[in-house]
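Now for the letters of each chain:
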Amino acid sequence: MRRGWLALSIFLLAIIGLVFAGTAAAQYPPQGQYNDNSVLYGPGWQVIKAEWGSGNRWADVTYQVRILLSGNGQVKVNNANMGGDPAVGADKTLRIQARNFQGQHRQFTYKEGSFIDASQFYNYGGGIGGGGGSGTGWQVMWAEWGSGNRRANVTDRVRALLSGNGQVKVNNTNMGGDPAVGADKTLWISARDTRGQTRQFTYKEGSSIDASQFYNYGNYPGPGGPGPGYPGGPGYPGGPGGGNGSLQIVRAYYGLNNRTNDVTQRLRGMVQGNYLDVQVNNNNLGGDPAPGADKVLTVIYRVNGREQTATVKEGNRLRIP
């Protein structure tokens, strides 16, 4: 009898151990894998789970809904957009569980035939490259620079800075300003690869980013063709005088903090004989991105293969080299 109780006790302990082991394994994903439900930095409600159906007949349409809602406009809730009919003959519903990067949660319910305003949801397609882009690296969906609640959206700037190889310094100059004066700032990047996996990158002020691991957007943020400010044009690597001994404008921004314009192409078009001389004002730089503020022109350039940075206040003159 005692042997029977002993065998039963050992059996029960083994079952309990398996249950706890399974629970622990479920709580922590394997290292090196990326959780598509991780919180991403950026505006809009992020779709955690989406189901389409009725009663006990439901289909998981999470991926489908994320793609459909990555943009603006109205999205119709029907079988065609949801990828099929899991409950033929029934009035179906789309259920969405969502959260934002501040940790707030919300449930959305849409009846069949209704419309969804996609602008209120996170744009999962924000980082997909196109045009002159190339490569298979991590694509920047969203980037913020700052500290606490004092942050600036630097998505476009980061995409441009990381479109190449080498090391990119994380500082106020490269990020276009100081949104949190006196504080130790951080750069947050939400990214995804071509397989749809997502990943968060965090860089402290003063650190460096290895640009080679990110997608090369090419001539981001605009299309290009031979001519001033484009590949093959003056002031651009590979253009006239574009060898190692020439002046090459890598990137240029004009404004203050998060109110800036990318003036790279404009400055490339002003390069004459490997020399740039321009008065820093709204007229020459294409407009006023920060009315009422004292603006700054920041230029990242190369001369003789060496990368340098120049910063000139509004009203002064920029001369390179």
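Throughout, a residue's number is its position along its own chain's written sequence, starting from 1. It should be noted that, the model being predicted, local features are given only for residues of pLDDT at least 70 and side-chain atom pairs only at 80 or more, the latter also being counted only at that level, while totals for whole chains, interfaces and linings use all residues. Side-chain metrics rest on all non-hydrogen atoms present in the structure, leaving aside hydrogens and water.

1. Section: the environment of lysine 111
By the element assignment, lysine 111 lies in strand S5 (residues 105-111). Sequence-wise, lysine 111 and aspartate 91 are 20 residues apart; in three dimensions their C-alpha atoms are separated by 7.8 Å. When checking whether two residues touch, look at their non-hydrogen atoms; a contact exists if any pair is within 4.5 Å. Here lysine 111 is in contact with Val77 and Lys92, once residues within four sequence places are set aside. Helix numbers and strand numbers start at the N terminus; a helix is a DSSP run of H or I with at least 4 residues, a strand a run of E with at least 2.

2. Brief notes about the nonpolar core
Residues belong to one nonpolar core when they are buried, are Ala, Val, Leu, Ile, Met, Phe, Trp, Tyr or Cys, and are joined through side-chain atoms within 4.5 Å. Burial classes: relative accessible area under 20% of the type maximum marks a residue as buried, over 50% as exposed, and values in between as partly exposed (1.4 Å probe, protein chains only). Among the nonpolar cores identified, the biggest contains 23 residues, and Val158, Leu162, Leu187, Ile189 and Phe214 are the most heavily contacted of them. Put simply, the parts of the chain that give this core at least two residues each are strand S7 (139-147), helix H4 (155-161), strand S10 (186-192) and strand S11 (198-204). In this view, isoleucine 189 contacts Val140, Trp142, Ala143, Val158, Leu162, Arg199, Gln200, Phe201, Tyr203 and Phe214; residues no more than four positions away in its chain are not counted.

3. Section: the sheet that holds strand S13 (residues 247-256)
Two strands are said to pair when DSSP picks up at least two bridges between them. Strands sit in the order S14-S13-S16-S17 across an open sheet of four strands; the sheet is antiparallel. Every other strand in the sheet has two partners, leaving strand S14 (259-262) and strand S17 (306-313) as the edge strands with one partner each. Going from strand to strand, the sheet's axes swing by 20 degrees on average, the running direction of each strand aside. Sheet topology places S13 next to strand S16 (residues 296-303); eight bridges connect them, and they run antiparallel. If you follow arginine 251 over to S16, its bridge partner there is isoleucine 300. Fitted lines through C-alpha atoms serve as axes, helices being fitted only where they are in contact, and the angles separating the N-to-C directions of these axes extend from 0 to 180 degrees.

4. Comments concerning the sheet that holds strand S1 (residues 46-54)
The strands making up a sheet associate through backbone hydrogen bonding, with each pair oriented either parallel or antiparallel. Strand order across the open sheet formed by four strands is S2-S1-S4-S5, with antiparallel pairing between neighbours. Each edge of the open sheet carries a strand with a single partner, namely strand S2 (57-60) and S5. Here the average twist between neighbouring strands, direction ignored, is 20 degrees. Where S1 and S2 come together, four bridges link them in antiparallel fashion. By the bridge assignment, glycine 53 is partnered in S2 with tryptophan 58.

5. Re the pairing of strand S4 (residues 93-99)
Here S1 pairs with S4 via seven bridges, running antiparallel. Residue pairing across strands places glutamate 51 opposite arginine 95, the latter belonging to S4. Judged from the seven bridges that link them, S4 and S5 form a sheet pairing that is antiparallel. By the bridge assignment for S5, leucine 94 is matched with tyrosine 110. What sits between S4 and S5 in their antiparallel hairpin is a turn of five residues, with glycine 103 showing a positive phi close to 90 degrees.

6. Thoughts on the side chain of threonine 62
Topologically, threonine 62 is positioned in helix H2 (residues 62-68). Threonine 62 gets classed as buried once you look at its relative accessible area, which sits at 11%. Polar contact is the term for a pair of N or O atoms within 3.5 Å; when the atoms are in protein, one must be able to donate a hydrogen and the other to accept it, and sequence-neighboring residues count only if both atoms are side-chain atoms. Looking at threonine 62, its side chain comes within polar contact range of the main-chain nitrogen of alanine 50, at 3.1 Å. Engagement of the side chain of threonine 62 in a polar contact is seen with the side chain of aspartate 60, the distance being 2.6 Å. In this structure threonine 62 touches Val47, Ile48, Lys49 and Ala50, once residues within four positions along its chain are discounted.

7. Regarding the pattern of salt bridges
For this document, the term salt bridge refers to a Lys or Arg side-chain nitrogen within 4 Å of an Asp or Glu carboxyl oxygen. This structure, assessed with the given rule, holds 11 salt bridges. Residue aspartate 277 is joined to arginine 319 by a salt bridge in which the shortest nitrogen-to-oxygen separation is 3.6 Å. Of this pair, aspartate 277 sits in strand S15 (residues 276-279) while arginine 319 sits in strand S18 (residues 317-320), and the two are 42 residues apart along the sequence. On the basis of relative accessibility, which here comes to 33%, the residue aspartate 277 falls in the partly exposed class. Where glutamate 314 meets lysine 295, a salt bridge forms, and the shortest distance between an N and an O atom there is 3.3 Å. Here lysine 295 lies in the loop between S15 and S16 and glutamate 314 lies in the loop between S17 and S18, a separation of 19 residues in the sequence. For glutamate 314, a relative accessible area of 30% puts it in the partly exposed group.

8. What to know about the confidence of the model for the protein
Note that predicted coordinates carrying low pLDDT should not be read in detail. The predictor reports its confidence for every residue as pLDDT, a score running from 0 up to 100. Confidence in the prediction of the protein, expressed as mean pLDDT, is 73, and 72% of residues score 70 or more. Considering only residues more than four positions removed or in separate chains, one finds that residues 14-36, a stretch of pLDDT under 50, has nine contacts.

9. As for the packing of aromatic side chains
How two aromatic rings sit relative to each other is given by the distance of their centres and the angle of their planes. Each Phe, Tyr or Trp ring (for Trp, its six-membered ring) is paired with any other whose centre lies within 6.5 Å, and the angle between the two planes then decides the class: stacked below 30 degrees, edge-to-face above 60, tilted in between. Considering all chains together, one arrives at six aromatic pairs under this definition. With 4.9 Å between their ring centres and 55 degrees between their planes, phenylalanine 108 and phenylalanine 121 make a pair best called tilted. Residue phenylalanine 108 is located in strand S5, and its partner phenylalanine 121 is located in the loop between strand S6 (115-117) and S7; the two are separated by 13 residues in the primary sequence. Here phenylalanine 108 and phenylalanine 121 have matching classes, each one buried. Between the aromatic rings of phenylalanine 201 and phenylalanine 214, the centroid separation amounts to 4.9 Å while the plane-to-plane angle is 55 degrees, which identifies the pairing as tilted. Taken together, the positions of phenylalanine 201 in strand S11 and phenylalanine 214 in the loop between strand S12 (208-210) and S13 put the pair 13 residues apart, joining distant regions of the chain. One aromatic cluster is present, built from ring pairs that chain together Trp45, Phe108, Tyr110 and Phe121. In this scheme, Lys NZ or Arg CZ marks a charge over a ring once it lies within 6 Å of the ring centre and within 35 degrees of the ring normal. In this structure, arginine 95 is placed above the aromatic ring of tryptophan 58, and the distance from its NZ or CZ to the ring centre is 3.5 Å.

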